[in-house]
Amino acid sequence: TLELAGGMVDANEDVAAAGARELLEETGYVGGTARVIGRVSANPAIMNNWVHTILIEDCELRHAQQLDGNEEIRVRLVEAGELPHLVQRGVIHHSLVVAALHHAVITSVLRA
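Numbering of residues starts from 1 in every chain and runs along the sequence as written. Thresholds applied to this predicted model are a pLDDT of at least 70 for local features of residues and 80 or more for the giving and counting of side-chain atom pairs; totals over whole chains, interfaces and linings are not thresholded and use all residues. Side-chain numbers come from the whole structure's heavy atoms, not from hydrogens or water.

Undergrad: Would you take a moment to explain helix H1 (residues 15–27) for this structure?
TA: Every α-helical turn comprises 3.6 residues, leaving residues that sit three or four positions apart pointing alike. Secondary structure follows DSSP: runs of H or I at least 4 residues long count as helices, runs of E at least 2 residues long count as strands, and numbering of each begins at the N terminus. What a helix is expected to span follows from its residue count: subtract one and scale by 1.5 Å. The first and last C-alpha atoms of H1 sit 18 Å apart over 13 residues, in line with the 18 Å expected at 1.5 Å per residue. Burial classes: relative accessible area under 20% of the type maximum marks a residue as buried, over 50% as exposed, and values in between as partly exposed (1.4 Å probe, protein chains only). The set of residues buried in H1 consists of Ala 16, Ala 18, Gly 19, Arg 21, Glu 22, Leu 23, Glu 25, Glu 26 and Thr 27. Whether two residues are in contact is decided by their heavy atoms: any pair within 4.5 Å suffices. Buried residues along H1 sit against strand S1 (29–30), strand S2 (34–41), strand S3 (50–56) and strand S4 (60–61). Two or three places before Ala 16, at the opening of H1, Asp 14 has a side-chain oxygen 3.0 Å from that residue's backbone nitrogen. Gly 28, located one to two residues past H1, shows a positive phi value of around 85°. Polar contacts, as used here, are pairs of N or O atoms within 3.5 Å; protein pairs need one atom able to donate a hydrogen and one able to accept it. Residues neighboring in sequence count only if both atoms are side-chain atoms.

Undergrad: When you look at the pattern of salt bridges in this model, what are you seeing that I'm missing?
TA: Pairs can form between side chains of opposite charge once their charged atoms are near each other. Take a side-chain nitrogen of Lys or Arg and a carboxyl oxygen of Asp or Glu: if they are within 4 Å of each other, that pair is a salt bridge. Summed over the entire model, instances satisfying the criterion amount to six salt bridges. Close ionic contact of Glu 25 with Arg 21 constitutes a salt bridge, the shortest N to O distance being 3.4 Å. Of this pair, Glu 25 and Arg 21 both sit in helix H1, separated by four residues, roughly a single helical turn. Considered together, Glu 25 and Arg 21 belong to a single accessibility category, that of buried residues. Note that Arg 62 is salt-bridged to Glu 60, the shortest N-O span being 3.2 Å. Judged by relative accessible area, which is 52%, Arg 62 ranks as exposed. Owing to a relative accessible area of 44%, Glu 60 belongs among the partly exposed residues under this scheme. What you see here is one network of salt bridges that share partners, running through Asp 10, Glu 13, Arg 21, Glu 22 and Glu 25.

Undergrad: Would you mind going over unusual backbone geometry with me for this structure?
TA: If a residue is not glycine, its phi is most likely negative; likewise, a peptide bond is most likely trans. A positive phi angle is found at Asn 12, which is not glycine, with a value near 65°. Relative to the helices and strands, Asn 12 is located in the segment before H1. Phi at Asp 58 takes a positive value of approximately 60°, unusual for a residue other than glycine. Within the secondary structure, Asp 58 sits in the loop between S3 and S4. Looking at Asp 58, the relative accessible area reads 71%, which means it is exposed.

What follows is the structure in structure tokens.
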């Protein structure tokens, strides 16, 4: 599937810092200030966790991926303007990624 970088917040870790850490580990990219632009509950009927959308702009590839033993990730860069079409065509279909892209649209980071 085509998804955004993501993962768990470690104990005593700031949510935005976790986003920056996961971006680095999964992609090798580092960017500017990480900021929370939205959050959703994954499935409130059976889960009590929150999924935060973190925006990090001006990213540059600076390191090799640092994947966990169970991760298999290939980085694919996509132009921002292509994202709505990828959702519409079902290439991006993970509900939490679609929600994250919605947060980017409503904060005027992406244009629908």
